[in-house]
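# Topology and contacts: notes
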Amino acid sequence: MPFEPAMPLRWSNSPSERLLFGPSSAVGRRCLTSAALPLLAAVFVVLAGCTKPAAAPGVAPDVKVAVVEQRDVPIISEWVATLDGYVNAQIQPQVTGYIIQQNYKEGSPVRKGDVLFEIDPRPFQAVLDQAKAQLAQAQAQLGKTKLDVDRDTPLAKERAIAQSQLDNDIQANLAADAAVQSTKAQVEQAQLNLGFTHVTSLVDGIAGIAQVQIGNLVSPLTVLTSVSQVNPIKAFFPISEQEYLRLAEKINSESHLEVPKDAPILDLILADGTIYPQKGHILYTDRQVDIATGSIRIASAFPNPKNLLRPGQFGRVRASTYTRNSALLVPQRAVIEIQGTYQLAVVGSDNKVNVRMVKVGERVGSQWIIDSGVKSGEMVIVEGVQKVRDGSPVKPTLLAAKTGAN
C-alpha cells in the first residue's frame, strides 16, 4: 500500500534547500518520515560537540607525601609452629587382665597418681595369697633349722654328736633362710602386680580419649590412653640455617634445664589471629639440620595456666631476631614494583618528581626498609603516584607520620 506521511511536509522555496531536501533528492527521499527528524537533530548535536575547542593545559596534581625517616629498627621474624605437650605419657598396663572400670573423664585434667583404669584384681590377689602362704611355710622351716643348730651346737662341742650332723644343721638353716628371702620376693612381686591393676597417671596433665572399653582384655603392649603435661607447653618451629647461624650464640645453652639468657622473647600468634598473652622462651635446638629442607628445629615453651593451648595446635611464633641500625624507612604504599624492580617517586625542593630505582630490604609493619636510592629527610609520594611522571610538577601535602611496626 502507498506510504502516507504522519503529517504534511512543507518544502522551502529556497533553491538550495529544495536541492538538498527536495523530494527528488537522495536525502529528501530518506527523510520523508517525521521519525527521521530526531535522528538528524542528534547528528547535528554530535557534529557541534566535535567542534568544541581543546581543553586548557592541566595544573600540577595534588599528591600526599611522606618523609624518609632514619632510625634503628628491630627486625621481626615469624615461623610456623606446632604445639606439643611438655611431657607426653602413654598409659599402658603392666599386667594382663580385663578392664573393669574407668575412673577418669576423658579430656579432663588429672594429677600424678590418679587411678585412670582398674583391671580385675582377683587373679592377682590369689597369687599374692599363695605367695604369702609359701612365705609362712619357708619361715617355719627356717625356725626349725635354727632350733636344730641351737640344740646341736653344744652337743657337738661335748662330742655327744658328730660334727657332721651340726654342719648339716647349719647348711639346712642357711637354705631355709634363702627360701624365706625368695618367697618374700615372690610376695613383693605379687603385691606389685596387684597394685598394677590400678593403672595410674604418671604425670600431671590432660588425659586423652580412652583407647579401650570396659571388658577388654589388655596387656603391657596395650595403649589405654595418653596424658600430656600442657603447663608449660612446647612449641616446635623450624628456622633456616642462615637464621640459626645468626642466632646460635643467643639460643644455644649448655644445659637444657636453663634458659639461654640472651635468647629472644617469643610471641605466639594463634590460628584466629590473636596474640597469646603469655610470652615464651627458647628451650633448645635440635641436634642437626634437616638436609631435605635446610632448616633446624627449635623447641620453645609457653606458660599455659588455663590449659588454653593443646598439643597439635598450629600457630606462628614471632620474635625480634636482630636490629637494623640507622635504617631508612618509607611507607609500603610509596614503593612501586614493576617486573621485579622497585621505584620511588621523590619530590624535590622545586616540587618536581624524580622517579628513582631503589633497593629494598625487610618489611617492618606498614613500612619498608630502603637499602639504597633515597636519603633521610627526602619526600616520597604515597598517594597520587599514578598521576605523575618523571619531571612533572606536583602540589605535595605531608601525611601524618606513623612510626613503629604494626
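Description of the structure in this document. Note that the structure is a prediction, hence the values are computed from the model and not measured. Residues take numbers from 1 onward in each chain, read along the sequence in its written order. With the structure being a predicted model, the display of local features is reserved for residues of pLDDT at least 70 and the display and counting of side-chain atom pairs for 80 or more, all residues being used for whole-chain, interface and lining totals. Side-chain calculation: all heavy atoms of the structure are included, whereas hydrogens and water are not.

### Considerations on the packing of aromatic side chains
Here is the rule we go by: Stacked, edge-to-face and tilted are the three classes for Phe, Tyr and Trp ring pairs, Trp counted by its six-membered ring, which pair at centre distances within 6.5 Å; planes under 30 degrees apart are stacked, over 60 edge-to-face, the rest tilted. A helix here means a DSSP run of H or I that spans at least four residues, while a strand means a run of E at least two residues long, and both kinds are numbered starting from the N terminus. Buried means the residue's accessible area, taken with a 1.4 Å probe over protein chains only, is under 20% of the maximum for its type, while exposed means over 50%, and partly exposed covers the values in between. Only when the NZ atom of a Lys or the CZ atom of an Arg is both within 6 Å of the ring centre and within 35 degrees of the ring normal do we say a charge sits over the ring.
For the coordinates displayed, the defined rule picks out three aromatic pairs. Note on Trp79 and Phe237: the rings are 5.2 Å apart at their centroids and 20 degrees apart in plane angle, and the pair reads as stacked. Of the two residues, Trp79 is situated in strand 2 (residues 69-91) and Phe237 in strand 9 (residues 225-240); the sequence distance between them amounts to 158 residues. Ring centres of Tyr104 and Phe117 lie 5.6 Å apart, and the angle between their planes is 75 degrees; this geometry places the pair in the edge-to-face category. In this pair, Tyr104 is assigned in the loop between strand 3 (97-102) and strand 4 (109-110) and Phe117 in strand 5 (residues 115-119), connecting sequence segments 13 residues apart. On the basis of relative accessibility, which here comes to 8%, the residue Tyr104 falls in the buried class. Against the face of Phe236 rests Arg297, its NZ or CZ located 4.3 Å from the ring centre. Above the face of the Trp368 ring, Arg363 is positioned so that its terminal group lies 3.9 Å from the ring centre.

### Structural notes on the environment of Asp120
Defined as follows: It only takes one pair of heavy atoms within 4.5 Å for two residues to be counted as in contact.
Structurally, Asp120 is set in the loop between strand 5 and helix 4 (122-157). Taking the C-alpha atoms as reference, Asp120 lies 8.7 Å from Gln101; in sequence the two are 19 residues apart. With sequence-adjacent residues up to four places away left out, Asp120 is seen in contact with Tyr98, Ile100 and Thr197.

### Focus: the pattern of salt bridges
So the rule is basically this: When a carboxyl oxygen of Asp or Glu is within 4 Å of a side-chain nitrogen of Lys or Arg, the pair counts as a salt bridge.
The final tally for this structure, using the stated rule, is 14 salt bridges. Its salt-bridge partner being Lys146, residue Asp150 comes within 3.2 Å of it at the nearest N-O pair. Placement of both Asp150 and Lys146 in helix 4 is noted, with a separation of four residues, approximately one turn of the helix. The exposure class of Lys146 is partly exposed, given its relative accessible area of 49%. The shortest N-O distance in the salt bridge between Arg324 and Asp371 comes to 2.9 Å. Here Arg324, found in strand 13 (residues 314-331), pairs with Asp371, found in strand 17 (residues 367-372); they are 47 residues apart in sequence, far enough to count as distant. Judged by relative accessible area, which is 23%, Arg324 ranks as partly exposed. One continuous salt-bridge network, built from bridges that share partners, spans Lys144, Asp148, Arg151 and Asp152.

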